[in-house]
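# Report on the structure
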Amino acid sequence: MKVFVISDMEGISGIATPFQTNSGDPLYQEGRKLYTEEINATVRGAKAAGATEVVVMDCHGAGKGHDFNSLIAEDLDSDCEFVVQEEWTEYTGFLEEGCDAALFVGMHAMAGTGDGVLNHTVSGVDWQNLWFNGTQVGETGINAALCGTWGCPVLMVTGDQAACREGKELLGDGLTTVQVKQGLAVKSARMLAPKRARELVEAGTKQALSDLKGVEPYDPGKPCEIKVEYKWTGPPGRLRYRAGVELLEPRLLVSRADDWWTAWKQFFF
């Protein structure tokens, strides 16, 4: 069984402020430690469930040399391999080889979610809202569509209550969710102690991988229209001449193609 762990930092237990997630800030090293240990719990659960290969892909943009590279390599469980990529959604090799299941660990809710800790979508500076064929999504939706392009189902989402709720609404009740904290405001949360959170994540991983057919691979639909509302006019203005891309309003861009992956690549890369 080949398992792809796609991870982010904001949904990890013990993390509630940007000072723990941004490279160079004093609490970042603490955040990295919490992050790495929750990933290790996932790896342990996957191996216990029968995984023969586990690949972890860090999808957290911490900046200052740590974009998609916030895990502490020396402390990672030796039963996994991990990916450091230059651009988000760049690495697809493991999916292309054929992957049995994806697990999303440490996820946060989409931008504008009131009880979502550190909620945002892709770039908190630039992005406001995102839709796939009229369905509003966040980063869980993007990562699920990436996996679904190669027929890989997402079987688990962990994070705060809002991220777990968002995952269920998009992927269905068959999804295993592990709530490690409850958002009180964008930078406030009531959290499980990290050791307890890791126990639940490990158990949730084993549960999720017990039924590889519990969730269908996510496909936003064919043909596919991706619509992005930005917070300001700069980003869409720079993309308006891309093939397949149309600027509907000064801050609203749409990319259309026969499938999601083509529509995504037209404007994101």
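Coordinates for the structure precede this section.
Residues numbered from 1 in each chain as written. Predicted model: local features only at pLDDT ≥ 70, side-chain atom pairs only at ≥ 80, totals over all residues. Heavy atoms only, no water.

## Here's the deal with the nonpolar core
- Counting 77 residues, the largest nonpolar core has Ile226, Trp260 and Phe267 as its most contacted members.
- A total of 7 residues in this core trace back to one element, the largest contributor, which is helix α1 (residues 28-48).
- Dropping the residues within four chain positions of it, Trp260 is found in contact with Phe132, Ile142, Ala145, Leu146, Thr149, Pro220, Cys224 and Ile226. (Core = buried A, V, L, I, M, F, W, Y, C linked by side-chain atoms within 4.5 Å. Buried < 20%, exposed > 50% of the residue type's maximum accessible area, 1.4 Å probe, protein only. Helix = DSSP H or I, 4+ residues; strand = E, 2+ residues; numbered from the N terminus. Contact = heavy atoms within 4.5 Å.)

## What to know about the pairing of strand β10 (residues 224-230)
- Of all 7 residues in β10, 5 are buried, a share of seventy percent or more.
- Relative to β10, strand β5 (residues 127-132) runs antiparallel, the two being bridged by 5 bridges. Counted as the bridge partner of Trp131 is Lys227 from β10.
- Of the pairings in the sheet, the one linking β10 to strand β12 (residues 252-257) comprises 6 bridges and is antiparallel in character. Paired with Glu225 across the bridge in β12 is Arg256. (Pairing = 2+ DSSP bridges.)

## Structural notes on helix α5 (residues 194-208)
- In a regular helix each residue adds 1.5 Å, so 15 residues correspond to 21 Å; α5 covers 20 Å between its end C-alpha atoms and thus fits that length.
- Among all positions in α5, only Ala197, Arg198, Val201, Gly204, Thr205 and Ala208 are buried. Buried positions in α5, seen along its axis, are confined to an arc of 130 degrees and lie on one side of it. In α5, the exposed positions angled more than 90 degrees off the buried face are occupied by Lys195 and Gln207.
- Buried residues along α5 sit against α1, β4 (101-107), β7 (154-160) and β8 (176-185). (Expected span 1.5 Å × (residues − 1). Arc of directions from axis to C-beta.)

## Observations regarding the state of the cysteines
- With the rule as written, the count across this model stands at 0 disulfides.
- Free cysteine: Cys59, not disulfide-bonded; nearest cysteine sulfur from Cys147 at 9.0 Å.
- On the accessibility criterion, Cys147 (0% relative accessible area) is buried. (Disulfide = S-S within 2.5 Å.)

## Some remarks on the sheet that holds strand β6 (residues 135-136)
- Strand order in the open sheet made by the 5 strands is β6-β5-β10-β12-β11, with antiparallel pairing throughout. Both edges of this open sheet fall to β6 and β11 (245-249), since each of them pairs with a single strand only.
- Sheet topology note: the β5/β6 ladder contains 2 bridges and is antiparallel. Within the sheet, the bridge partner assigned to Phe132 lies in β6 and is Thr135.

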